[in-house]
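Okay, here's what each chain looks like letter by letter:
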Amino acid sequence: MLATNGQGGRYWTTVDPTYVAPEDYGAVGDGVTDDTTAIQAALDYGRTNNVAVRGYKKYKTTSSLTISGSYQDVFIRIITYTGNSCGLYIKGSYNNVRIAQLYCSNGGGIVMNADTANIHRNRVSAVRIFAKNDAVKLQADGNYMVVYNSFDIRDIKSDTANCYLCTAYNASENVFMNSSCVSLDRKSGSAGMPRPIS
């Protein structure tokens, strides 16, 4: 496969047909180099070609990553996001997303934003999510729904906002399992908190 490294360089790489990795698109994975473009390229390739995405290193990102397809299987070990928006947007359905650690020093963590389609039945697992703003946020306008998504997060922390916030008009039966939260503000949005299960 012909890959690019995000800085204009191009090179050939052999990709395991069962999964694609950010390194196939030039990611360094040292926690210092900006790997945003490479990770997003791997996510886009996985969506288009129906293969899993696997990232086993420590990655730095400066812009939000987006999972926009459905039925994607994604594992990324560590993401340190330094931007001001959110570390990860999930805009598809039936995705299985696993992250060991998502650390967002200036922005939010994970956002499910149903602004163009329904978002449902995603499974999100993480050991820890640390965010300055909302760690997990579910939102939708009046035309779409965010429903039946499950979150299994061992340790979730927000410094200045909510651990999880639901601002969707049409949101129900979103489930948090095994969540240990630390937050200065635990208020919910207009639709109420997601349903916690311990």
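These figures come from a predicted structure and were not determined experimentally. (Residues numbered from 1 in each chain as written. Predicted model: local features only at pLDDT ≥ 70, side-chain atom pairs only at ≥ 80, totals over all residues. Heavy atoms only, no water.)

Engineer: Please explain the overall build of the chain as it appears in this structure.
Structural biologist: Broken down by element type, the chain carries 1 helix and 20 strands. Scored against the burial criterion, the 198 residues of the chain give a buried share of 44%. Taking contacts inside the chain between residues at least 6 apart in sequence as the whole, the part at least 24 apart equals 56%. Total accessible area on the chain stands at roughly 9200 Å², and carbon and sulfur atoms take up 47% of it. (Helix = DSSP H or I, 4+ residues; strand = E, 2+ residues; numbered from the N terminus. Buried < 20%, exposed > 50% of the residue type's maximum accessible area, 1.4 Å probe, protein only. Contact = heavy atoms within 4.5 Å. Areas by Shrake-Rupley, 256 points an atom, 1.4 Å probe, with all protein chains shown as cover.)

Engineer: I would appreciate a short explanation of the packing of aromatic side chains in the present structure.
Structural biologist: Aromatic rings in a pair are described by how distant their centres are and how their planes are angled relative to each other. Applying the stated criterion across every chain, the model contains 4 aromatic pairs. Ring centres of Tyr-56 and Phe-75 lie 5.6 Å apart, and the angle between their planes is 40 degrees; on these two criteria the pair is classed as tilted. Of this pair, Tyr-56 sits in strand β5 (residues 52-61) while Phe-75 is found in strand β7 (residues 73-81), placing the two residues 19 residues apart along the sequence. A ring pair is formed by Tyr-103 and Phe-130, whose centres lie 6.5 Å apart and whose planes are at 80 degrees; its orientation type is edge-to-face. Note that Tyr-103 is positioned in strand β9 (residues 96-104) and Phe-130 in strand β12 (residues 123-131), a separation of 27 residues in sequence. With a relative accessible area of 37%, Tyr-103 lands in the partly exposed category. Sitting above the plane of the Tyr-89 ring, Lys-91 keeps its charged end 5.6 Å from the centroid. (Phe/Tyr/Trp six-rings, centres within 6.5 Å; stacked < 30°, edge-to-face > 60°. Lys NZ or Arg CZ within 6 Å of the ring centre and 35° of its normal.)

Engineer: How do you make sense of unusual backbone geometry when you look at a structure like this?
Structural biologist: Leaving glycine aside, a negative phi is the common case for residues, and trans is the common case for peptide bonds. Although it is not a glycine, Tyr-71 adopts a positive phi angle of roughly 60 degrees. The topology assignment puts Tyr-71 in the loop between β6 (65-67) and β7. Its relative accessible area of 56% is what places Tyr-71 among the exposed residues. One non-glycine residue with positive phi stands out, namely Tyr-94, at about 60 degrees. Here Tyr-94 shows up in the loop between β8 (86-90) and β9. On the accessibility criterion, Tyr-94 (35% relative accessible area) is partly exposed.

Engineer: Sorry if this is basic, but what is going on with the sheet that holds strand β16 (residues 164-166) here?
Structural biologist: Sheets are built from strands paired through backbone hydrogen bonds, the pairs being either parallel or antiparallel. As summarised here, the arrangement of the 5 strands in space is β6-β8-β10-β13-β16, forming an open sheet in which the pairing is parallel. The open sheet has two edge strands with one neighbour each: β6 and β16. Neighbour to neighbour, the strand axes of the sheet diverge by 15 degrees on average, direction disregarded. Where β8 and strand β10 (residues 108-114) come together, 4 bridges link them in parallel fashion. Bridging across to β10, Cys-86 finds its partner in Gly-108. (Pairing = 2+ DSSP bridges. Axes fitted to C-alpha atoms, helices over the stretch in contact; angles between N-to-C directions.)

Engineer: Looking at this model, I keep getting lost on the confidence of the model for the chain. Mind explaining?
Structural biologist: Low pLDDT marks stretches whose predicted atomic positions should not be read closely. Residues with a pLDDT of 70 or more make up 78% of the chain, whose mean pLDDT is 82. Overall, residues 2-6 carries pLDDT values under 50, and its contacts beyond four positions in sequence, including any with other chains, amount to 18 contacts. Segment residues 184-198 is flagged for pLDDT under 50; beyond a separation of four residues in sequence, or across chains, it makes 40 contacts in the model. (pLDDT = per-residue confidence, 0-100.)

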